[in-house]
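A look at the structure
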Amino acid sequence: CLIFPVVFTLKQMGYFKYQPKVEIKNTVTDPDARVLRVVADYDFSPYSFIDSNNEISGLDVELVNEIANRLQMKAEITFDKWPVCKKMLQNKEADIILGLEIFSDMEGVEKTIATSNDKLIVFGKEEINGINP
């Protein structure tokens, strides 16, 4: 009887999910390019974690790389424990903190939850201007 709640909780935590591979890499190679310094908690799969090859990985890593590429900046991503990341942001050693900033009591930190949103797009042979129920 106790196994079901444990398995359910582990499933909700993402324990049984695959580890996403980072496919979007930082492509800025200009030595004079500005650097986007990002810190994140390293134990937050699938968003930020250290994979089986001991490399930083996760959906947030791809997001940061994409943002840096669009801004023509180099991405410098550091994973550490949450208190260390928080201190790095406070000491201006980082520009962005990922993950747990929404729970932060840090003054002057812009708190965000969503960095993207879902969109439903319908394709057809003719333009669709609306949907009538």
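Here is what the cut-offs are and how they apply
- Residues numbered from 1 in each chain as written.
- Predicted model: local features only at pLDDT ≥ 70, side-chain atom pairs only at ≥ 80, totals over all residues.
- Heavy atoms only, no water.
- 1 Å grid on protein atoms, 1.4 Å probe; cavity = no way out; pocket = protein on both sides within 12 Å on 5 of 7 lines; lining within 4 Å.
- Points joined across faces, edges and corners; volume = space filled by probe spheres on them.
- Helix = DSSP H or I, 4+ residues; strand = E, 2+ residues; numbered from the N terminus.
- Contact = heavy atoms within 4.5 Å.
- Core = buried A, V, L, I, M, F, W, Y, C linked by side-chain atoms within 4.5 Å.
- Buried < 20%, exposed > 50% of the residue type's maximum accessible area, 1.4 Å probe, protein only.
- Arc of directions from axis to C-beta.

Points about the layout of surface pockets
When its volume is computed, the second largest pocket comes out at roughly 300 Å³. If you trace the second largest pocket, you find 16 residues lining it, with Val-22, Asp-51, Glu-55, Ile-56 and Ser-57 closest to the centre.

Regarding the side chain of Asn-65
Examined against the element boundaries, Asn-65 turns out to sit in helix H2 (residues 59-70). The contact partners of Asn-65, leaving out residues within four places of it in the chain, are Val-22, Ile-24, Lys-25, Asn-26, Ala-75 and Ile-77.

Some words on the nonpolar core
Ranked by size, the top nonpolar core spans 11 residues in total: Val-22, Leu-36, Val-38, Ala-40, Val-61, Val-64, Ala-68, Met-73, Ile-77, Phe-79 and Leu-98. Looking at this core, the elements with two or more residues in it are strand E1 (35-41), H2 and strand E5 (74-80). The residues contacting Val-61, other than those within four sequence positions of it, are Val-22, Tyr-47, Ile-56, Ile-77 and Phe-79.

Describing helix H3 (residues 82-90)
Inspection of H3 places Trp-82, Cys-85, Met-88 and Leu-89 among the buried residues, and these make up the whole buried set. Projected onto a plane normal to the axis of H3, the buried residues spread over an arc of 120 degrees and lie on a single side. For H3, the elements touching its buried residues are E1, E5 and strand E6 (96-98). Once H3 ends, the next one or two residues include Lys-92, with phi positive near 60 degrees.

So, the environment of Glu-76
Among the structural elements, Glu-76 can be located in strand E5. For Glu-76, a relative accessible area of 42% gives the class partly exposed. For the pair Glu-76 and Val-39, spaced 37 residues apart in sequence, the C-alpha to C-alpha distance is 8.4 Å. Not counting residues within four places of it along the chain, the set of residues in contact with Glu-76 comprises Val-35, Leu-36, Arg-37 and Val-38.

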